[in-house]
Amino acid sequence: MLKGKTAVITGGSRGIGKAAALKLAENGADIALIYAGNDEAASDTEREIKSLGVKAKSYKCDVSDFDKTGETVKQILADFGGVDILVNNAGITKDKLILQMSEEDFEKVININLKGAFNMIRHVFSPMMKKRSGSIINVSSVSGMMGNPGQANYSSAKAGLIGLTKTVAKEIASRGVRCNAVAPGFIETDMTDVLPEKVRENAEAAIPLKRMGKPEEVAELILFLAGDRSKYITGEIIKIDGGLYI
Ligand code: NAP
């Protein structure tokens, strides 16, 4: 289904990004992974992807760094010959109530989770426009739609991604490129592993489907948005949250 396509996945070494990388690779895509610093996770994931018979390479790059993302995209274009799919998935949390949140914690989350996506889109925009095809998928969160106490930085960044998604979709549609977002609820990854047991229990109780989601379930949605089965969908934000935000 994606044979001959190249997918760039930020935060592709672990969690949702890793599951998406494996899912796109199972469907034939070559994979360029971007990660922040965990070399071991990146090389393990790269090995797992290669075992599926596609090309894979990982790139250490802080997505909040505009120049570094530019150099990395240039290198990926040289290594793979083009980019067809971009998944802006890299993200962090630095949760605190507003009264305790430092300026640094606010800026850091905005710079990685929101500006990081802009940086990547800015650098793949021309190559995708020239190809006259492509799919960009931003990983937002229901936190950006509902708000969440303790996440002023995170929910602002995730809400920002929704505006970015819609604007990019409008700017690039005439060139045959689509841009959508997924908005997960609670998904079982390292990011949610750190939540206290009580918070997890309360979250599960609030989710109509009564459980947290799995990275593979989000990966299925990313696969759908990456390929031609969604070719008439752009500018859309699709929740995947077990009904948390109905
Ligand atoms: P995770 O398991 O903590 O993995 C985060 C990934 O992002 C890692 O690959 C990490 O690289 C990479 N990363 C972090 N900072 C980066 C930076 N500055 N530059 C490049 N890469 C960076 O997270 P996850 O739970 O899979 O979350 C993935 C995305 O889904 C995030 O955007 C998150 O906000 C969103 N999301 C998650 C949930 C959830 O419940 N888990 C819910 C809604 C939305 P290293 O391995 O090198 O550290």
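Below is a summary of the structure that appears in this document. Just so it is clear, the structure is predicted and the values come from calculations on it, not from any experiment. (Residues numbered from 1 in each chain as written. Predicted model: local features only at pLDDT ≥ 70, side-chain atom pairs only at ≥ 80, totals over all residues. Heavy atoms only, no water.)

Within the chain, the secondary structure is distributed over nine helices and seven strands. Against the 2.2 N^0.38 benchmark of 18 Å for 246 residues, the chain shows a C-alpha radius of gyration of 17 Å, consistent with a compact globule. Principal-axis analysis of the C-alpha atoms places the extent of the chain at approximately 45 × 35 × 35 Å. Counting contacts in the chain only where the partners sit at least 6 residues apart, residues at least 24 apart contribute 74% of the total. Only carbon and sulfur atoms are counted for the fraction: they give 52% of the accessible area of the chain, which is about 11600 Å². (Helix = DSSP H or I, 4+ residues; strand = E, 2+ residues; numbered from the N terminus. Rg over C-alpha atoms; globule rule 2.2 N^0.38 Å. Contact = heavy atoms within 4.5 Å. Areas by Shrake-Rupley, 256 points an atom, 1.4 Å probe, with all protein chains shown as cover.)

Membership of the largest hydrophobic core comes to 29 residues, with the highest contact counts inside it found for Leu24, Ile31, Ile49 and Ile222. Setting aside its immediate chain neighbours within four residues, Leu24 contacts Leu2, Ala7, Ile9, Ala29, Ile31, Ile85, Val87, Leu223 and Ala226. Grouped together as the second largest cluster of nonpolar side chains are 27 residues, Leu161, Leu164, Val168 and Val177 included. (Core = buried A, V, L, I, M, F, W, Y, C linked by side-chain atoms within 4.5 Å. Buried < 20%, exposed > 50% of the residue type's maximum accessible area, 1.4 Å probe, protein only.)

Okay, the state of the cysteines next. Across all of its chains, the model carries zero disulfides by this definition. For Cys61, which is in no disulfide, the shortest distance to another cysteine sulfur is to Cys179 and amounts to 19 Å. For Cys179, a relative accessible area of 0% translates into the label buried. (Disulfide = S-S within 2.5 Å.)

So, on to the site of the ligand. In the region of the ligand, 31 residues are neighbours, and Ser13, Gly37, Asn89, Tyr154 and Thr189 sit closest. In this structure, Ala36 approaches the ligand through a main-chain N or O atom, which is 2.9 Å from an oxygen atom. In the complex, 94% of the free accessible area of the ligand, which totals 910 Å², lies under the protein chains. Contributions of two or more residues to the shell around the ligand are made by α1 (15-26), α6 (152-172) and α7 (190-193). Examining the composition of the shell around the ligand, we find that three residues originate from one element, α7, more than from any other. (Near = heavy atom within 4 Å. Polar contact = N/O pair within 3.5 Å; in protein donor to acceptor, adjacent residues only side chain to side chain.)

The final tally for this structure, using the stated rule, is one aromatic pair. Arranged with centres 6.4 Å apart and planes meeting at 20°, the rings of Phe66 and Phe118 form a pair that is stacked. In this pair, Phe66 sits in helix α3 (residues 66-80) while Phe118 sits in helix α4 (residues 103-131), placing the two residues 52 residues apart along the sequence. Among the residues examined, Phe66 registers a relative accessible area of 31% and is labelled partly exposed. Residue class for Phe118 comes out partly exposed when judged on its relative accessible area of 38%. In this structure, Lys55 is placed above the aromatic ring of Phe80, and the distance from its NZ or CZ to the ring centre is 4.7 Å. (Phe/Tyr/Trp six-rings, centres within 6.5 Å; stacked < 30°, edge-to-face > 60°. Lys NZ or Arg CZ within 6 Å of the ring centre and 35° of its normal.)

Throughout the structure, instances matching the rule amount to 13 salt bridges. Between Glu48 and Lys18 there is a salt bridge whose closest N-O contact spans 2.8 Å. Pair noted here: Glu48 is in helix α2 (residues 39-50) and Lys18 is in helix α1, with a separation of 30 residues, a long-range link. Relative accessible area serves as the criterion here: at 23%, Lys18 is assigned to the partly exposed category. With a shortest N-O distance of 3.4 Å, Asp105 and Lys96 are connected by a salt bridge. (Salt bridge = Lys/Arg side-chain N within 4 Å of Asp/Glu carboxyl O.)

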